[in-house]
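Working through the structure, step by step
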Amino acid sequence: DLPILDGSVIAGGGKAEKTLIQKMGRGRRVYPGKEYGYVYDVFDDDGLTQAGEPKLLTRHSLARQDVYERVPEDKFRVIELNEFYAELQEVIDGKN
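None of the values given here were measured: they were computed from a predicted structure. Once a new chain begins, its residue numbering starts again from 1 and follows that chain's sequence as written. In view of the model being predicted, local features appear only for residues whose pLDDT reaches at least 70, and side-chain atom pairs are presented and counted only at 80 or more, with totals across whole chains, interfaces and linings using the full set of residues. To get the side-chain values, all heavy atoms of the structure are used, and hydrogens and water are removed first.

For the pair helix H1 (residues 17-26) and helix H2 (residues 56-69), the least separation of the axes is 10 Å and the interaxial angle reads 60°. When the axes of H1 and H2 are compared, the pair comes out oblique. Crossing geometry of H1 relative to H2 is assigned as right-handed. Between H1, through Glu 17, Leu 20, Ile 21 and Met 24, and H2, the contact on the second element is made entirely by Arg 64, Val 67 and Tyr 68. Under this grouping Gly is polar, as are all residues other than the nonpolar Ala, Val, Leu, Ile, Met, Phe, Trp, Tyr, Cys and Pro and the charged Asp, Glu, Lys and Arg. Its residues assigned to classes, the contact of H1 with H2 shows five nonpolar, no polar and two charged. Lines fitted to the C-alpha atoms define the axes, with helices restricted to the stretch that makes contact. Angles between their N-to-C directions range from 0 to 180 degrees. Think of it this way: any DSSP run of H or I at least four residues long counts as a helix, any run of E at least two long counts as a strand, and we number them from the N terminus. Angle categories: roughly parallel below 35 degrees, roughly antiparallel above 145, roughly perpendicular from 65 to 115, and oblique for all the rest. Each crossing gets its hand from how the near helix is turned against the far one by less than a right angle, where anticlockwise is left-handed and clockwise is right-handed. Contact definition: two residues touch when any of their heavy atoms are within 4.5 Å.

To continue, consider the pattern of salt bridges. Any Lys or Arg side-chain nitrogen found within 4 Å of a carboxyl oxygen on Asp or Glu counts as a salt bridge. Taken as a whole and judged by the stated rule, the model has four salt bridges. Salt-bridge contacts for Asp 44 lead to Arg 64; the nearest nitrogen and oxygen are separated by 3.8 Å. Taken together, the residues span a long stretch of sequence, with Asp 44 in the loop between strand S2 (37-41) and H2 and Arg 64 in helix H2 at a distance of 20 residues. Of the residues examined, Asp 44 reaches a relative accessible area of 16% and is grouped as buried. The cut-offs for exposure are 20% and 50% of the maximum accessible area for each residue type, with area from a 1.4 Å probe on protein chains only; residues under the lower value are buried, those over the upper are exposed, and the others partly exposed. Exposure remark for Arg 64: the relative accessible area of 2% places this residue in the buried category. Note that Arg 70 is salt-bridged to Asp 66, the shortest N-O span being 3.1 Å. Exposure remark for Asp 66: the relative accessible area of 40% places this residue in the partly exposed category. The structure contains a network of salt bridges with shared partners spanning Glu 17, Asp 66 and Arg 70.

Next up, the structure:
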């Protein structure tokens with residue numbers, strides 16, 4: 001129990017809503033000066049099956065996104081690391 005922590009990194013599979021909310025809550029414990037809990041999610045895009053369906057890790061990521069969309073924005077900030085790094089790379093490459 002470390003209330004000073006302000007975030008959680010989700011960098012593996014998993015889609016269980018209760019477990020995800022628990023992980024998010026760890027970054028939201030009350031601590032002086034802390035305004036938000038941050039969730040850093042590595043969105044897994046492992047492609048499609050031969051039948052055209054999302055593979056396992058992609059399905060897990062999509063399920064987590066569904067949970068994030070239902071979380072009050074005044075409590076958490078969700079940062080998808082894949083998008084963050086793509087934007088950062090554009091800045092480094094001088095495209096933005």
